[in-house]
Amino acid sequence: MKRFTQRQSKAIARIVAKTPAVLPFAGDSPVEKSQRITRAIDNSWDGFSYFCSTYFPHIFDLPFCPAHEDMFRHTHNYFGIVGITGFRELGKTILMGVVYPIWRIARGDTFIVHIAADAQLAANRSALTHHQLSENRRILTDFPQLRTDGDDVSEFYLKNNAYILAAGINSSFRGLINPRTARRPDLIICDDIDLERNQGNQNIGRRKLRKILEEIGGAIRKSPDSVVILLGNLVHPNYSIVMYRESIIAHIRQDSPDFMPSYHHTLVMPQRKLLAYPLENPDGSSAWPEKYPAASFPQLRIRYGHTGYQREMLGFAVIDGNIFKNEWFAHYSAPPSLSKVSRVWLYCDPAWGEKGCFKAVAAIAYDGARFYLLRIWLRQTENTAFFRHLYDTTIDLLATYKARFRPSIETTFGQHRILDEFDRWARENALKPISHLFKRIDNRENKFLRIEATETTIESARLLFPVGQDTPALKSQYLSYPDGYIDGPDAIAGCLERFSEYSSRTRVRIRKMTV
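This write-up is about the structure you can find in this document.

Rules of the game
- Residues numbered from 1 in each chain as written.
- Predicted model: local features only at pLDDT ≥ 70, side-chain atom pairs only at ≥ 80, totals over all residues.
- Heavy atoms only, no water.
- Core = buried A, V, L, I, M, F, W, Y, C linked by side-chain atoms within 4.5 Å.
- Buried < 20%, exposed > 50% of the residue type's maximum accessible area, 1.4 Å probe, protein only.
- Helix = DSSP H or I, 4+ residues; strand = E, 2+ residues; numbered from the N terminus.
- Contact = heavy atoms within 4.5 Å.
- Pairing = 2+ DSSP bridges.
- Axes fitted to C-alpha atoms, helices over the stretch in contact; angles between N-to-C directions.
- Parallel < 35°, antiparallel > 145°, perpendicular 65-115°, else oblique.
- Left-handed = near helix turned anticlockwise from the far one by under 90°.
- Nonpolar A, V, L, I, M, F, W, Y, C, P; charged D, E, K, R; others polar.
- Phe/Tyr/Trp six-rings, centres within 6.5 Å; stacked < 30°, edge-to-face > 60°.
- Lys NZ or Arg CZ within 6 Å of the ring centre and 35° of its normal.
- Expected span 1.5 Å × (residues − 1).

This part covers the nonpolar core. Side chains of nonpolar character tend, in soluble globular proteins, to be buried together. Formed by 59 residues in total, the largest nonpolar core has its most connected members in Phe48, Phe51, Tyr55, Phe56, Ile84 and Ile229. Top contributing element to this core by residue count: helix α5 (residues 92-106), with 10 residues. If we skip the residues at most four places from it in the chain, Tyr55 touches Phe25, Arg36, Ile37, Ala40, Asn136, Arg138, Ile139, Asp142 and Phe143. If you look at the next biggest cluster of nonpolar residues, it comprises 36 residues, including Ile81, Ile188, Ile212 and Leu234.

This is the structure:
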């Protein structure tokens, strides 16, 4: 996180240096001033974008792109939490984390809170707000009531009694009010919540997300336009904003089990949204051609590297990996034809009785040369959803591959008892029990050795992965190995071991990584 903070600090410093050059409106008349103010505070994108270009010309020197308007429309006049993530230098922090709060205050809001990983990072945001409301002559000409009252940049009032507060996420946010207006926060901005040094600890990201959803989300005023804006980048699976995204996906999949989030840049559930803006449009064009022409993409890929480009510019939460590398994961466009498939194995880990673990279902086909991951399902979910997917997948693959298909299930540590539950569920849903089809696998060998045995198979592209399904979640577990969840890689190892053609000679030792 340090390098991102340094980059952002330099951007803020440039804005501060340019502010004195913002000249007052020349030859202004009372009528022109009144018309300008009316247009600037209009409750619309036209009003907000005009406010930005008119009062902050030193910041917004390029035309807005569709993503800017889209994030405004999804956030404004919305009650709840909106997560916003996007490509490098999209300007989401300045637009929605600095200028949008000022515009809200100009329209009558009286309490804005800036939250970051610590108080100093939060003060960096409020300091820019303080500077603009102290030095920007255009703002002070048309909105004199917004002039700051005091020099403290982390907690200050404006002349109209509006209150700006900066705080670290570990602060208490229960019962927050503006002492002068007795009003709860109208808008809370959470930015720089995740730190690079915490990437190896998923519990930190989980605790931060819980704080945002429960305490911070409950601190805003109960008004149709009171909102918490969560700004961040999908750069690591253990970041709170990535977990926020996964929580929305899990909710959507309760009603739509086959939902594919990679095809949607907007994820929505009651009182929660996640907006994601990659640099490249589906047709390969640029999402902001004035900033990044499509012709610049090859240079950007060289500049950031393969993994860095996907993470910083496309919004995929991938990491370089301690053992498994992102570039190792090769994908197939279509599975092998039925005539070429010699064997198909399904392997499932029910994670029965293991709180918080992922249930996994993996099916792999072999064509005599390569292994193809036909199905991958990796979810933190209840047994009924697991049973439904396992049943449907087994019946489908059995009908397709017939005698060449065999399902199996991990039964270590008494997990075989879940097969009785599986059959009971089938009968209750008027389905024929199929547990007798499953080969029971009692894996007593160290799972880390088994997972590391797949390293050569993946690196040599002997195992090919599907583009969709739950492949992103699976890759995230591989890339964070041996930290975090390993249920997906363990299921892949278990499935590969069912093939006599699979060699596990590479298993030599367990890698111990330090954070």
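Let's shift gears to the sheet that holds strand β15 (residues 463-464). Taken in spatial order, the 6 strands make up an open sheet running β14-β13-β10-β11-β12-β15, and their pairing is mixed. Both outer strands of the open sheet, β14 (439-441) and β15, are each paired with one neighbouring strand and no more. When strand β12 (residues 371-379) meets β15, the two strands line up parallel, connected through 2 bridges. Directly across from Tyr372, in β15, lies its bridge partner Leu464. Those strands touched by helix α16 (residues 487-496) are β10 (343-349), β11 (359-366), β12, β13 (405-410) and β15, and its axis lies near 35° from that of β11.

What follows covers the environment of Thr454. Residue position: Thr454 is located in the loop between α13 (447-452) and α14 (455-459). As a C-alpha pair, Thr454 and Tyr502 span 48 residues in sequence and 9.3 Å in three-dimensional space. The contact partners of Thr454, leaving out residues within four places of it in the chain, are Phe324, Tyr478, Ala493, Leu496 and Tyr502.

Time to look at the packing of helix α4 (residues 66-75) against α5. Where α4 contacts α5, the axes come no closer than 11 Å and their chain directions differ by 50°. When the interaxial angle is binned, α4 and α5 end up oblique. Note that α4 runs across α5; the crossing there is right-handed. For the pair α4 and α5, the contacting residues are His68, Met71, Phe72 and Thr75 in the first and Lys92, Leu95, Met96, Tyr100 and Trp103 in the second. Of the residues that constitute the contact of α4 with α5, the class distribution is 6 nonpolar, 2 polar and 1 charged.

Below, the discussion takes up the packing of aromatic side chains. Summed over the entire model, instances satisfying the criterion amount to 37 aromatic pairs. An angle of 40° between the planes, with centres 5.9 Å apart, marks the rings of Phe448 and Tyr481 as tilted. You can see Phe448 sitting in helix α13 and its partner Tyr481 sitting in the loop between α15 (471-479) and α16, a full 33 residues away along the chain. Residue classification places Phe448 among the partly exposed positions, given a relative accessible area of 27%. In this structure an aromatic cluster arises from ring pairing among Trp45, Phe48, Phe60, Phe64, Phe72, Tyr100 and Trp103. Here the guanidinium or amino end of Arg180 rests over the ring plane of Tyr157, the centre of that ring lying 3.7 Å away. Its guanidinium or amino end placed over the ring of Tyr78, Lys273 lies 4.2 Å from that ring's centre, counting from NZ or CZ.

Further remarks concern the sheet that holds strand β6 (residues 187-190). Backbone hydrogen bonds hold the strands of a sheet together, and the pairing may be parallel or antiparallel. Strand order in the open sheet formed by 9 strands is β3-β4-β5-β2-β6-β7-β1-β9-β8, with mixed pairing between adjacent strands. Each end of this open sheet is capped by a strand with a single partner; those strands are β3 (148-149) and β8 (266-269). α4 rests against β1 (80-86), β7 (227-231), β8 and β9 (272-277) of the sheet, and its axis sits at about 180° to β9.

The end-to-end C-alpha distance of helix α11 (residues 383-401), which contains 19 residues, comes to 26 Å, matching closely the 27 Å that a straight helix rising 1.5 Å per residue would cover. Listed as buried for α11 are Phe386, Phe387, His389, Leu390, Tyr391, Thr393, Thr394, Leu397 and Tyr401. Summarising the contacts, the buried residues of α11 are in contact with β10, β11, β12, β13 and α12 (418-428). In the stretch just after α11, Lys402 is the one whose phi turns positive, near 50°.

This brings us to the pairing of strand β5 (residues 163-168). Among the 6 residues of β5, 6 are classified as buried, and the element is accordingly described as predominantly covered. Neither face of β5 is exposed, since Tyr163, Leu165 and Ala167 on one face and Ile164, Ala166 and Gly168 on the opposite face are all buried. Note: strand β2 (residues 111-116) against β5, 6 bridges, orientation parallel. Bridging across to β5, Ile115 finds its partner in Ala167. Strand direction decides the pairing type here: strand β4 (residues 155-158) and β5, joined by 3 bridges, are antiparallel. Residue pairing across strands places Phe156 opposite Ile164, the latter belonging to β5. Linking β4 back to β5 in an antiparallel pair, the connection comprises 4 residues, with Asn161 at a positive phi of about 75°.

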